[in-house]
Amino acid sequence: MSVFVADEQREAVGLADLHALAELILREEGFPEDAEVTLLFVDESETASYNGRFLDRDGPTDVLAFPVEELLPGVIPDTHPQGPPLMLGDVVIAPSYVRRQADEHGVTFEDEMALMVTHGILHLLGYDHVDDDEAERMEERERQLLARVGRQRR
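These numbers were taken from a predicted model, which means no experiment stands behind them. (Residues numbered from 1 in each chain as written. Predicted model: local features only at pLDDT ≥ 70, side-chain atom pairs only at ≥ 80, totals over all residues. Heavy atoms only, no water.)

Here the largest pocket defines a volume of roughly 720 Å³. As for the largest pocket, its lining consists of 32 residues, of which Ala65, His123, Tyr127, Asp128 and His129 are closest to the centre. Here the lining of the largest pocket takes six residues from helix α4 (residues 109-124), the largest share from any one element. Considered as a void within the structure, the second largest pocket measures approximately 200 Å³ in volume. As for the second largest pocket, its lining consists of 13 residues, of which Gly14, Asp17, Leu18, Glu110 and Arg151 are closest to the centre. The set of elements that each furnish at least two residues to the lining of the second largest pocket consists of α1 (15-28) and α4. (1 Å grid on protein atoms, 1.4 Å probe; cavity = no way out; pocket = protein on both sides within 12 Å on 5 of 7 lines; lining within 4 Å. Points joined across faces, edges and corners; volume = space filled by probe spheres on them. Helix = DSSP H or I, 4+ residues; strand = E, 2+ residues; numbered from the N terminus.)

In structure tokens:
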């Protein structure tokens, strides 16, 4: 797995643990070794900018996912051994926003950051929460994956 991490903000973040979590999620979901994901940690003004430019929403947010392709949960795209790597997309997270959110929900910052990475990557892989059934499926998968690394979903 290729997980690229860029930390462009000031909040202290356990990058190694989040990198390992991203790799675990891709393995657990059955993606090939050449799958690529980018985790980008930015400040809130950057997520507000992305939110406005790409989603027509105002203000900052905790996590955004920008998939390269529209995938379905559990369906792995075909790849060719001599072909390019399977680029899944980018997950953009604002750790300062996530820290406040963790405090509001009474959970640890580390658990909340792990949830944001998991949530974002699952979006790249086709999971969603538009309707109740999809949301239930996504939340259950988040719980399962987070439990594998000793983290909890709020």
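Still more ground to cover, so stick around.
With that settled, the discussion passes to the side chain of Asp62. In this structure, Asp62 sits in the loop between α2 (44-55) and β3 (63-67). For Asp62, the side chain forms a polar contact with the side chain of Gln101, separated by 3.0 Å. The residues contacting Asp62, other than those within four sequence positions of it, are Val92, Ile93, Ala94, Tyr97, Val98, Gln101 and Met116. (Polar contact = N/O pair within 3.5 Å; in protein donor to acceptor, adjacent residues only side chain to side chain. Contact = heavy atoms within 4.5 Å.)

Residue placement: His119 occurs in helix α4. We classify His119 as buried; its relative accessible area is 16%. A polar atom in the side chain of His119 sits 2.5 Å from the side chain of Glu142. Residues contacting His119, with those up to four places away along its chain left out, are Val63, His129, Met138 and Glu142. (Buried < 20%, exposed > 50% of the residue type's maximum accessible area, 1.4 Å probe, protein only.)

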